[in-house]
Amino acid sequence: MPTLVAGSALIAAVAAVRRCWWQGCAALAVVVATVGGTEVLHTVLPRPDLADAPHNLIAASFPSGHVAIVAGLVLGMTLVASPRARPYIAAAGILWLAVTAAAVQTLYWHRPSDAIGATLLGCACYSLTTRLLPATTAGSTVRPGALSGIALVLAAAGALAASTRKDSVMHPLAFAAVALLCAALLWITVAKQPTRPAPDAGPAAR
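## Points about the overall build of the protein chain
Working step 1: Counting its regular elements, the protein chain contains eight helices and zero strands.
Working step 2: Put simply, the protein chain runs from its N terminus to its C terminus through helices and strands in the order α-α-α-α-α-α-α-α.
Working step 3: Burial analysis of the protein chain (206 residues in total) assigns 45% to the buried set.
Working step 4: Across the protein chain, the fraction of contacts at a sequence separation of at least 24, relative to all contacts at a separation of at least 6, is 80%.
Working step 5: Surface exposure of the protein chain reaches about 10600 Å², of which carbon and sulfur atoms provide 70%.

Given below as structure tokens:
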């Protein structure tokens, strides 16, 4: 909760400084929809009916709230960041997401599907929100270039480091692979978001 509150406050502050009101509202909407959607799914989805099973196997853990908070904040920050800073915000964000997704699996707090589901929920909220933005404020496209490879390599290294366990070898590798998949999904979502021209733009702008 402190991370969610501090991250949302930072998004609002950046939006106020840059005077990008539409993007700021959209960014906070992404955070609220991602985290709120996670809580709703925890309530409505059925729990596994396993006899004499430990709590961590029957708790409503899909999707992961930890991963949802990180994904929502990273996606929201990319919406209010300046075009020059946006690729670096996204690169740092996928590293944070990879470490978080790997850690919650390694601690056996969440299954791999929980981390993937939270990431997909955040990406869906982001994509929908950006499509509803006015045309003059849309266009959060990240031009990755060489940064794409560097960002994914760092995310992979962070995922591997956060997946380390002394009692298993294969499980950490699987956890790291899932965490890297989450990072790649977020990066692709931000990088591939199309830029739309303003309604009064001429053919040349298109």
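## Here we look at the nonpolar core
Working step 1: Residues Leu-186 and Trp-187 are the most contacted members of the largest nonpolar core, which totals 45 residues.
Working step 2: Sorting the residues of this core by element identifies helix H1 (2-18), helix H2 (21-44), helix H4 (65-80), helix H5 (86-106), helix H6 (112-132), helix H7 (147-162) and helix H8 (170-191) as the ones contributing at least two each.
Working step 3: At 11 residues, H4 tops the list of elements feeding residues into this core.

## Section: the environment of His-110
Working step 1: The residue His-110 is located in the loop between H5 and H6 in this model.
Working step 2: Taking the C-alpha atoms as reference points, His-110 and Ala-59, separated by 51 residues in sequence, lie 9.7 Å from one another.
Working step 3: Only 3.4 Å separates the side chain of His-110 from the side chain of Ser-64, close enough to count as a polar contact.

## As for the packing of H4 against H6
Working step 1: Running from N to C, H4 and H6 cross one another at 25°; their axes reach a closest spacing of 8 Å. Put simply, H4 runs roughly parallel to H6. Crossing geometry of H4 relative to H6 is assigned as right-handed. Every residue of H6 that contacts H4 at Val-67, Ala-68, Leu-75, Thr-78 and Leu-79 is listed here: Ala-115, Ala-118, Thr-119, Gly-122, Cys-123, Tyr-126 and Thr-130.
Working step 2: Classifying every residue of the contact of H4 with H6 gives eight nonpolar, four polar and no charged.

## Quick look at the pattern of salt bridges
Oppositely charged side chains are able to pair whenever their charged atoms sit close together.
Working step 1: Under the criterion given, the structure shown has one salt bridge.
Working step 2: Among the salt bridges present, the one from Arg-165 reaches Asp-167, with a minimum N-O distance of 2.9 Å.
Working step 3: Exposure remark for Arg-165: the relative accessible area of 24% places this residue in the partly exposed category.
Working step 4: A residue is classified by how much of its surface remains accessible, and Asp-167, at 54% relative accessible area, is exposed.

## So, unusual backbone geometry
Working step 1: Of note, the bond from Phe-62 into Pro-63 is cis; its omega dihedral lies within 30 degrees of zero at -10°.
Working step 2: By secondary structure assignment, the location of Pro-63 is in the loop between helix H3 (55-58) and H4.
Working step 3: Positive phi outside glycine occurs at Arg-19, with the angle close to 55°.
Working step 4: Relative to the elements of secondary structure, Arg-19 occurs in the loop between H1 and H2.
Working step 5: Notably, Tyr-108 is not glycine yet its phi reads approximately 65°, a positive angle.
Working step 6: Tracing the backbone through its elements, the reader meets Tyr-108 in the loop between H5 and H6.
Working step 7: In this structure Tyr-108 comes out as partly exposed when scored by relative accessible area, which is 36%.

The rules behind each value
Residues numbered from 1 in each chain as written. Predicted model: local features only at pLDDT ≥ 70, side-chain atom pairs only at ≥ 80, totals over all residues. Heavy atoms only, no water. Helix = DSSP H or I, 4+ residues; strand = E, 2+ residues; numbered from the N terminus. Buried < 20%, exposed > 50% of the residue type's maximum accessible area, 1.4 Å probe, protein only. Contact = heavy atoms within 4.5 Å. Areas by Shrake-Rupley, 256 points an atom, 1.4 Å probe, with all protein chains shown as cover. Core = buried A, V, L, I, M, F, W, Y, C linked by side-chain atoms within 4.5 Å. Polar contact = N/O pair within 3.5 Å; in protein donor to acceptor, adjacent residues only side chain to side chain. Axes fitted to C-alpha atoms, helices over the stretch in contact; angles between N-to-C directions. Parallel < 35°, antiparallel > 145°, perpendicular 65-115°, else oblique. Left-handed = near helix turned anticlockwise from the far one by under 90°. Nonpolar A, V, L, I, M, F, W, Y, C, P; charged D, E, K, R; others polar. Salt bridge = Lys/Arg side-chain N within 4 Å of Asp/Glu carboxyl O.

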